[in-house]
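The primary structure of each chain is shown beneath.
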Amino acid sequence: MGVNVSVVAIDAGNSKTDVALIGEDGTVLSTARGGGFQPPVVGVEAAIDVLAAALDRAAAELPAPPTWSGHVSACLANADLPVEEAELAGALESRGWGSSVEVRNDTFAILRAGVDEPRGVAVVCGAGINCVGMTPDGRTARFPAIGRISGDWGGGSGLAEEALWFAARAEDGRGEPSELARALPGHFGLDSMYALIEALHRGAIPSARRHELTPVLFATAAGGDPVALALVERLADEVVAMASVALRRLGLLEEEVPVLLGGSVLAACHPQLNDRITELLASRAPKAEVRVVSEPPVLGAALLGLDRTGAAPEVHRRLRAQYV
């Protein structure tokens with residue numbers, strides 16, 4: 001007799017995938033971790049194969065083979081548009097891991113992990129930036145969040161690019177003087193922005209290492225540099241703009257509601273950033289409660305699955321207790 005899996009929970013980001021198999025009573029039957037989920041790079045089927053490998057490892061931990069008759073709740077990076085969610089849902093359905101499948105952008109997993117009911121707004125700032133909101137009646141608020149063409153500004157990668165731009169102009173005289181002109185090349189052991197520009201341009205420093213400059217930007221801002229501080233404050237403005245728009249779309253601006261912050265940049269809790277976010281949001285949504293999400297996103301994917309299956313509140317509580 002197989003093990004009855006009620007929810008197959010998947011949280012798949014660009015760098016890693018977490019899966020959890022959940023029983024009818026909310027018990028976590030098994031978990032596993034896999035590689036990053038990057039359909040734009042490797043194609044949809046190859047990306048789904050990464051999920052399959054993680055699910056195989058989770059299934060191998062069970063005392064008997066799973067029945068795969070439950071609900072698949074997949075929160076996936078690169079599922080930025082409804083058309084992409086539909087495409088990925090179809091690919092998952094073909095694998096036969098459940099009798100029903102729901103695909104959401106992975107930002108929804110962070111939001112649901114941080115709230116006791118599916119109600120609130122989350123802003124995530126890691127490599128990029130995104131925001132989603134949801135209410136118990138199924139309404140959602142979201143943005144395309146695919147870069148500058150969808151109006152986005154910020155994220156760790158964007159901040160690093162901005163810091164380089166201002167530092168280059170500070171050194172050559174086109175822009176305002178800034179300590180960034182010393183701090184950014186100094187991080188790589190170089191003595192000038194010119195040297196850093198050459199190293200990045202010619203590949204002596206891989207482009208992928210640019211993300212290392214985001215913490216340098218925040219440290220420079222903390223030291224009082226006006227240019228760096230202005231970038232940090234602009235990011236706070238962007239976070240609040242996204243959150244307040246999502247709250248307005250859902251009719252929650254005047255209600256007590258959680259606004260959750262996630263992703264590596266916001267989870268670092270830089271005072272210049274997070275304190276400003278709280279201050280600015282208080283003027284737009286005075287009853288909102290701002291906090292950083294500490295719960296793992298795969299919990300959010302599992303809770304969304306339980307929401308979909310109509311599980312009782314005690315089942316939700318039992319599941320959450322296993323991640324505390």
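Residues numbered from 1 in each chain as written. Predicted model: local features only at pLDDT ≥ 70, side-chain atom pairs only at ≥ 80, totals over all residues. Heavy atoms only, no water.

> Help me understand the overall build of the protein chain, please; the structure alone is not making it clear to me.
A tally of regular secondary structure across the protein chain gives 13 helices and 10 strands. Its C-alpha atoms give the protein chain a radius of gyration of 21 Å, near enough to 20 Å, the size a compact globule of 324 residues would have. Residue burial in the protein chain is summarised as follows: out of 324 residues, 51% are buried. A separation threshold of at least 6 residues defines the contact pool for the protein chain, and within that pool the share at least 24 residues apart is 67%. Approximately 14300 Å² of the protein chain is accessible, and the part contributed by carbon and sulfur atoms is 52%. (Helix = DSSP H or I, 4+ residues; strand = E, 2+ residues; numbered from the N terminus. Rg over C-alpha atoms; globule rule 2.2 N^0.38 Å. Buried < 20%, exposed > 50% of the residue type's maximum accessible area, 1.4 Å probe, protein only. Contact = heavy atoms within 4.5 Å. Areas by Shrake-Rupley, 256 points an atom, 1.4 Å probe, with all protein chains shown as cover.)

> Just checking my understanding: could you explain helix α13 (residues 313-321) for this structure?
For α13, the full list of buried residues reads Val 315, His 316, Leu 319 and Arg 320. All buried residues of α13 fall inside an arc of 135° around its axis, so they share one side. Turned more than 90 degrees away from the buried face of α13, the exposed residues are Pro 313, Arg 317 and Ala 321. Here the buried face of α13 lies against β2 (17-22), β3 (28-34), α4 (107-113) and α12 (297-309). (Arc of directions from axis to C-beta.)

> Explain the sheet that holds β3 here, please?
Backbone hydrogen bonds are what pair the strands of a sheet, in a parallel or an antiparallel way. The mixed open sheet is built from five strands, whose spatial order is β3-β2-β1-β4-β5. One side of each edge strand has no neighbouring strand; the edge strands of this open sheet are β3 and β5 (100-105). Neighbouring strand axes in the sheet, compared pairwise and without regard to direction, differ in orientation by 10° on average. As judged from the six bridges shared by strand β1 (residues 7-12) and strand β4 (residues 71-76), these two strands associate in the parallel manner. Across the sheet, residue Ala 12 finds its bridge partner in β4, namely Leu 76. On top of the sheet, helix α3 (residues 82-93) reaches β4 and β5; it is set at about 145° to β5, its chief contact. (Pairing = 2+ DSSP bridges. Axes fitted to C-alpha atoms, helices over the stretch in contact; angles between N-to-C directions.)

> Help me understand the sheet that holds strand β6 (residues 120-125), please; the structure alone is not making it clear to me.
Here five strands make up an open sheet; going across it, the order is β8-β7-β6-β9-β10 and the pairing mixed. Every interior strand has two partners, whereas the edge strands, β8 (140-142) and β10 (288-292), have only one. Across the sheet, the mean angle separating the axes of adjacent strands is 15° when strand polarity is ignored. Sheet topology note: the β6/strand β7 (residues 129-134) ladder contains six bridges and is antiparallel. Residue pairing for β7: Val 121 is matched across the bridge by Gly 133. Here helix α11 (residues 271-284) sits on the sheet and contacts β9 (257-262) and β10; the angle it forms with β10, its principal contact strand, is near 170°.

> Sorry if this is basic, but what is going on with the environment of Val 227 here?
Relative to the helices and strands, Val 227 resides in helix α9 (residues 226-249). Between the C-alpha atom of Val 227 and that of Leu 217, which follows or precedes it by 10 residues, the distance is 9.5 Å.

> Help me understand the pairing of β6 in this model?
Two faces, one strand: in a regular strand the side chains alternate between the faces of the sheet. Counting buried residues along β6, six of its six residues qualify, which places the element largely inside the surrounding structure. Residues Gly 120, Ala 122 and Val 124 line one face of β6 and the alternating positions Val 121, Val 123 and Cys 125 line the opposite face, and both faces are buried. Linking two consecutive strands that pair antiparallel, namely β6 and β7, is a turn of three residues.

> I would appreciate a short explanation of unusual backbone geometry in the present structure.
As a rule of thumb, non-glycine residues mostly have phi less than zero, and peptide bonds are mostly trans rather than cis. Notably, Asn 78 is not glycine yet its phi reads approximately 70°, a positive angle. With respect to the element layout, Asn 78 can be found in the loop between β4 and α3. The residue Cys 269 is not glycine, and still its phi comes out positive at about 55°. Here Cys 269 is to be found in the loop between α10 (264-267) and α11.

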